[in-house]
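# Understanding the architecture of this molecule
What follows is each chain in one-letter form.
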Amino acid sequence: MNSNPYFEPTGATVLVAGATTAPTGELTAHGAFNNEGGYMLTNVSSSIPAFVAFGSSGAAAAAAAVFPIAGTGKAGVIVAPLQSIFIRAAANQYVSAITASSTAAVYVTPGRFR
């Protein structure tokens, strides 16, 4: 079942438990479409946004999950509470998430765009 006709899941969904200290990243595998770098990020928290970042290892993803501050940009995306977003990034990456307070469950589904 796919509610977005332009995104096709190609691997298993992983849960990233975003917290005030970014956890070691979870691996996302694109399966047979390992050169396709599409992701659906879903934050199921009702009130906590999460900043999601990718990396080539679990440690690299956790290190990249740092909120940007004025004058210093960071590679990653913010996922608002109860929001799903679709992004392109390198395939088969590790993903981590950080929150400003409390925790947020972020589900990451690898896939491809049609």
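Preceding this section is the structure that the text describes.
Figured I'd write up the structure that's included with this text.

Reading guide: rules and limits
- Residues numbered from 1 in each chain as written.
- Predicted model: local features only at pLDDT ≥ 70, side-chain atom pairs only at ≥ 80, totals over all residues.
- Heavy atoms only, no water.
- Helix = DSSP H or I, 4+ residues; strand = E, 2+ residues; numbered from the N terminus.
- Buried < 20%, exposed > 50% of the residue type's maximum accessible area, 1.4 Å probe, protein only.
- Contact = heavy atoms within 4.5 Å.
- Areas by Shrake-Rupley, 256 points an atom, 1.4 Å probe, with all protein chains shown as cover.
- Pairing = 2+ DSSP bridges.
- Salt bridge = Lys/Arg side-chain N within 4 Å of Asp/Glu carboxyl O.
- Phe/Tyr/Trp six-rings, centres within 6.5 Å; stacked < 30°, edge-to-face > 60°.

Okay, the overall build of the protein chain next. Across its full length, the protein chain holds one helix and nine strands. In the protein chain, the succession of α and β elements from N to C terminus is β-β-β-β-β-α-β-β-β-β. Residue burial in the protein chain is summarised as follows: out of 114 residues, 39% are buried. Counting only contacts in the protein chain whose residues sit at least 6 apart along the sequence, the fraction spanning at least 24 positions is 82%. Carbon and sulfur atoms provide 57% of the accessible area of the protein chain, an area that totals close to 5800 Å².

Taking strand neighbours across the sheet as the criterion, the four strands line up as S3-S8-S5-S6 in an open arrangement whose pairing is antiparallel. Every other strand in the sheet has two partners, leaving strand S3 (26-27) and strand S6 (77-79) as the edge strands with one partner each.

All told, the structure shown has one salt bridge when counted by the stated rule. In this structure, the salt-bridge partner of Glu 8 is Arg 112, at a minimum N-O distance of 2.9 Å. Of this pair, Glu 8 sits in strand S1 (residues 7-9) while Arg 112 sits in strand S9 (residues 104-113), and the two are 104 residues apart along the sequence.

We now examine the packing of aromatic side chains. Scanning all chains against the criterion turns up four aromatic pairs. For the pair Phe 7 and Phe 113, a centre-to-centre distance of 5.4 Å together with 65° between the ring planes defines the contact as edge-to-face. Of the two residues, Phe 7 sits in strand S1 while Phe 113 sits in strand S9, which places them 106 residues apart along the sequence. Owing to a relative accessible area of 1%, Phe 7 belongs among the buried residues under this scheme. Ring centres of Phe 51 and Phe 67 lie 5.8 Å apart, and the angle between their planes is 40°; this geometry places the pair in the tilted category. Taken together, the positions of Phe 51 in strand S5 (residues 50-55) and Phe 67 in the loop between helix H1 (58-64) and S6 put the pair 16 residues apart, joining distant regions of the chain. Judged by relative accessible area, Phe 67 falls into the partly exposed class, the value being 28%. Among the aromatic residues, ring-to-ring pairing joins Phe 7, Phe 86 and Phe 113 into one connected group.

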